[in-house]
Amino acid sequence: MDTNKRPDTMERITTKELADKFIAEQIALVKEQVGDKKVLLALSGGVDSSVVAALLIKAIGKQLVCVHVNHGLMRKGESEAVIEVFRNQMDANLIYVDATDRFLDLLEGVSDPEAKRKIIGGEFIKVFDEEAAKLQGIEFLAQGTIYPDILESIKAKESGKPVKSHHNVGGLPDDMKMELVEPVKLLFKDEVRVVGEALGLPYEMVYRQPFPGPGLGVRCLGAITRDRLHALREADAILREEFDNCGLAKTVWQYFISVPDMKSVGVRDEKRYEGWPAIIRAVNTTDAMTATIEEIPYEVLHKITSRITSEVEGINRVLFDLTPKPTGTIEWE
Ligand code: XMP
């Protein structure tokens with residue numbers, strides 16, 4: 001039997017009852033697969049890895065070792081939420097690595113977007129591998145692979161095009177022979193979310209909008225500086241808070257701020273104030289290949305503008321990006 005093929009008879013998981021049934025089945029399967037051995041998981045805080053973590057904690061408790069690498073490019077409060085939910089509430093075996101300085105030092109002066117991506121991706125694997133190497137007796141690697149990842153790989157193989165290097169394609173050293181544990185690999189995203197809710201994960205984690213692996217690194221445009229990154233993180237937190245308040249967080253697929261490496265002249269407290277612009281992007285899409293612009297009520301835009309320009313040090317203007325994809329990509333870099 002091809003374990004990577006979703007059986008035609010498999011019911012779609014749309015309710016808590018169906019999710020509970022799936023969870024009970026997976027707990028039994030994972031226990032059988034793993035026995036009393038240890039399992040390693042890179043826990044990013046994204047939906048898929050969070051659901052896998054919560055499921056495995058239920059199945060094997062402290063035999064699961066989660067590693068959360070904070071690359072310093074997370075959104076405001078995200079690493080803290082991972083620690084709060086998994087270590088404090090679920091009592092997980094969680095290794096938290098604050099590698100902020102390591103990443104930001106490496107990225108200093110690097111302005112090319114692809115070079116930034118390469119550095120962030122490469123360093124991420126390095127940090128994770130270093131942590132894994134410190135651990136003894138790990139025989140399994142858990143991954144948040146979901147069914148679209150499998151379908152994409154099959155499609156790529158059939159078309160002869162190279163497989164897109166999505167976040168689940170491991171970068172583990174060859175000498176680390178670990179068997180995979182992938183409990184949600186036959187589920188679609190909406191089903192993963194239903195399972196996440198049934199496992200008691202917080203709403204914000206389960207319905208988290210897509211967030212690129214390089215994180216704020218590709219939104220702090222050009223060469224990243226700590227002060228501009230800080231301004232971006234604060235402005236983005238305000239945007240998210242206001243979208244939550246007015247309900248847009250539930251209807252807009254992806255929304256975020258980018259801050260370019262340029263300043264304009266402005267005025268604050270009756271004095272000349274040179275600052276960066278914060279650029280709002282809010283898009284809807286089904287597959288991220290094309291995207292449309294979400295209509296945001298002017299009063300919401302005014303409120304966000306007023307809050308960002310008065311609360312965030314270094315920002316003196318707020319712009320709204322009206323460009324669909326194409327011609328603009330969703331991210332600016
Ligand atoms: P673009 O900018 O290509 O983005 O229109 C399409 C979707 O992909 C996300 N994105 C990334 N995700 N690593 C990721 O994991 C990346 O380097 C990356 N670049 C873009 C983007 O946020 C959007 O959802």
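Here the structure is a predicted model, which means the values were calculated and not measured. Sequence order as written defines the numbering, with residues in each chain counted from 1. At least 70 in pLDDT is required for a residue's local features to be given in this predicted model, at least 80 for side-chain atom pairs to be given and counted, and no such filter applies to totals for whole chains, interfaces and linings, which use all residues. Water and hydrogen atoms play no part in the side-chain values, which are based on all heavy atoms of the structure.

## Things to note about the environment of valine 47
Phase 1: With respect to the secondary-structure elements, valine 47 resides in helix H2 (residues 47–60).
Phase 2: Each residue gets one of three labels from its accessible area relative to the maximum for its type: buried under 20%, exposed over 50%, partly exposed in between, using a 1.4 Å probe on protein chains only. Given a relative accessible area of 5%, valine 47 falls into the buried group.
Phase 3: Measuring from C-alpha to C-alpha, the distance between valine 47 and serine 111 comes to 30 Å, with 64 residues separating the pair along the chain.
Phase 4: When checking whether two residues touch, look at their non-hydrogen atoms; a contact exists if any pair is within 4.5 Å. Those residues in contact with valine 47 that sit more than four places away from it in its chain are Lys189, Val192, Arg193, Met205, Val206 and Arg208. Runs of E in the DSSP output that reach at least two residues are strands. Runs of H or I that reach at least four are helices, and both are numbered from the N terminus.

## Structural notes on the sheet that holds strand S2 (residues 64–70)
Phase 1: What makes two strands pair is DSSP finding at least two bridges between them. The parallel open sheet is built from 5 strands, whose spatial order is S3-S2-S1-S4-S5. At either margin of the open sheet sits one strand with a lone partner, and together these are strand S3 (93–98) and strand S5 (179–181). Pairs of neighbouring strands in the sheet enclose a mean axial angle of 30°, with direction left out of account.
Phase 2: Sheet analysis places strand S1 (residues 38–42) next to strand S4 (residues 138–142), joined by 4 bridges and oriented parallel. Pairing of lysine 38 across the sheet is with isoleucine 138, part of S4.
Phase 3: Each axis is a line fitted through C-alpha atoms, taken for helices only over the stretch in contact, and angles between the N-to-C directions span 0 to 180 degrees. Contacting S1, S2, S4 and S5, H2 crosses the sheet at an angle of about 160° to S1.
Phase 4: Strands in contact with helix H3 (residues 78–89) are S2 and S3; relative to S3, the strand with the most contacts, it is inclined by about 165°.

## Details of the nonpolar core
Phase 1: In this structure, Leu40, Leu229, Phe243, Ile257, Ile308 and Ile315 are the most contacted members of the largest nonpolar core, which totals 45 residues.
Phase 2: A per-element tally of this core places helix H9 (residues 226–246) first, with 7 residues.
Phase 3: Where a domain begins and ends is set by an automatic assignment or by a domain database. Both domains that meet at this core, namely domain 1 (16–212) and domain 2 (219–320), each give it at least three residues.
Phase 4: Excluding residues within four positions of it along the chain, phenylalanine 243 makes contact with Leu248, Ala249, Val252, Tyr255, Ala282, Ile296 and Ile304.
Phase 5: Put simply, a nonpolar core is a bunch of buried Ala, Val, Leu, Ile, Met, Phe, Trp, Tyr and Cys residues held in one set by side-chain atoms that sit within 4.5 Å of each other. Among the nonpolar cores identified, the runner-up in size contains 43 residues, and Ile13, Leu56, Val82 and Val181 belong to it.

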